[in-house]
Amino acid sequence: MKISYVPRGVCSNKFDIEVENGIVKNVEIAGGCPGNLFGLSKLVQGQEVSKVIEQLEGITCGHKNTSCPDQLAQALKTTLN
């Protein structure tokens, strides 16, 4: 399954995600902090969707009530249906 997700409240502006059999196969993030988001993409690759959601959901960035990791968790939730 491939999805595109537009995050809210963060610097990045688009997530392209590929999930296969409940495993994150690929994540590409446009905008935001390139090095950090590239690292985040590599760290979640090969991981179970449910575990990634568990680890990233609720992380905040500075004064914001969300973050790119939290938004990635929100995006991955849409693949569980």
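Since this is a predicted model, take the numbers as computed values, not measurements.

Mapped onto the secondary structure, Ser12 falls in strand 2 (residues 12-20). Leaving out residues up to four positions away in the same chain, Ser12 has contacts with Pro7, Ile29, Ala30, Gly31, Gly32, Leu37 and Cys68.

Below, the discussion takes up the sheet that holds strand 2. In a beta sheet, neighbouring strands pair by backbone hydrogen bonds and run either parallel or antiparallel. If you walk across this open sheet you meet the 3 strands as 1-2-3, and the pairing is antiparallel. Only two strands of the sheet have a single partner each, and these edge strands are strand 1 (2-5) and strand 3 (23-31). Adjacent strand axes in the sheet meet at a mean angle of 15° when their direction is disregarded. Relative to strand 2, strand 1 is paired through 4 bridges, and the arrangement is antiparallel. Its bridge partner lying in strand 2, Lys2 is registered against Glu18. Across the sheet, helix 1 (residues 34-44) lies against strand 2 and strand 3, angled at about 170° from strand 3, the strand it touches most.

For the rest of this paragraph, the subject is the state of the cysteines. Tallied over the entire structure, the rule returns 0 disulfides. Cysteine Cys11 remains unbridged, with the sulfur of Cys33 as its closest cysteine sulfur at 5.9 Å.

For the structure on display, the rule yields 2 salt bridges. Asp16 serves as the salt-bridge partner of Lys14, at 3.7 Å between the closest nitrogen and oxygen. A relative accessible area of 35% places Lys14 in the partly exposed class. Given the relative accessible area of 28%, Asp16 is considered partly exposed.

A separate point is the packing of aromatic side chains. For the coordinates displayed, the defined rule picks out 1 aromatic pair. With centroids separated by 6.2 Å and ring planes inclined at 25°, the aromatic side chains of Tyr5 and Phe15 adopt a geometry described as stacked. One end of the pair, Tyr5, is in strand 1; the other, Phe15, is in strand 2, and 10 residues separate them in sequence. With respect to burial, Tyr5 and Phe15 carry one shared label: buried.

About the thresholds
Residues numbered from 1 in each chain as written. Predicted model: local features only at pLDDT ≥ 70, side-chain atom pairs only at ≥ 80, totals over all residues. Heavy atoms only, no water. Helix = DSSP H or I, 4+ residues; strand = E, 2+ residues; numbered from the N terminus. Contact = heavy atoms within 4.5 Å. Pairing = 2+ DSSP bridges. Axes fitted to C-alpha atoms, helices over the stretch in contact; angles between N-to-C directions. Disulfide = S-S within 2.5 Å. Salt bridge = Lys/Arg side-chain N within 4 Å of Asp/Glu carboxyl O. Buried < 20%, exposed > 50% of the residue type's maximum accessible area, 1.4 Å probe, protein only. Phe/Tyr/Trp six-rings, centres within 6.5 Å; stacked < 30°, edge-to-face > 60°.

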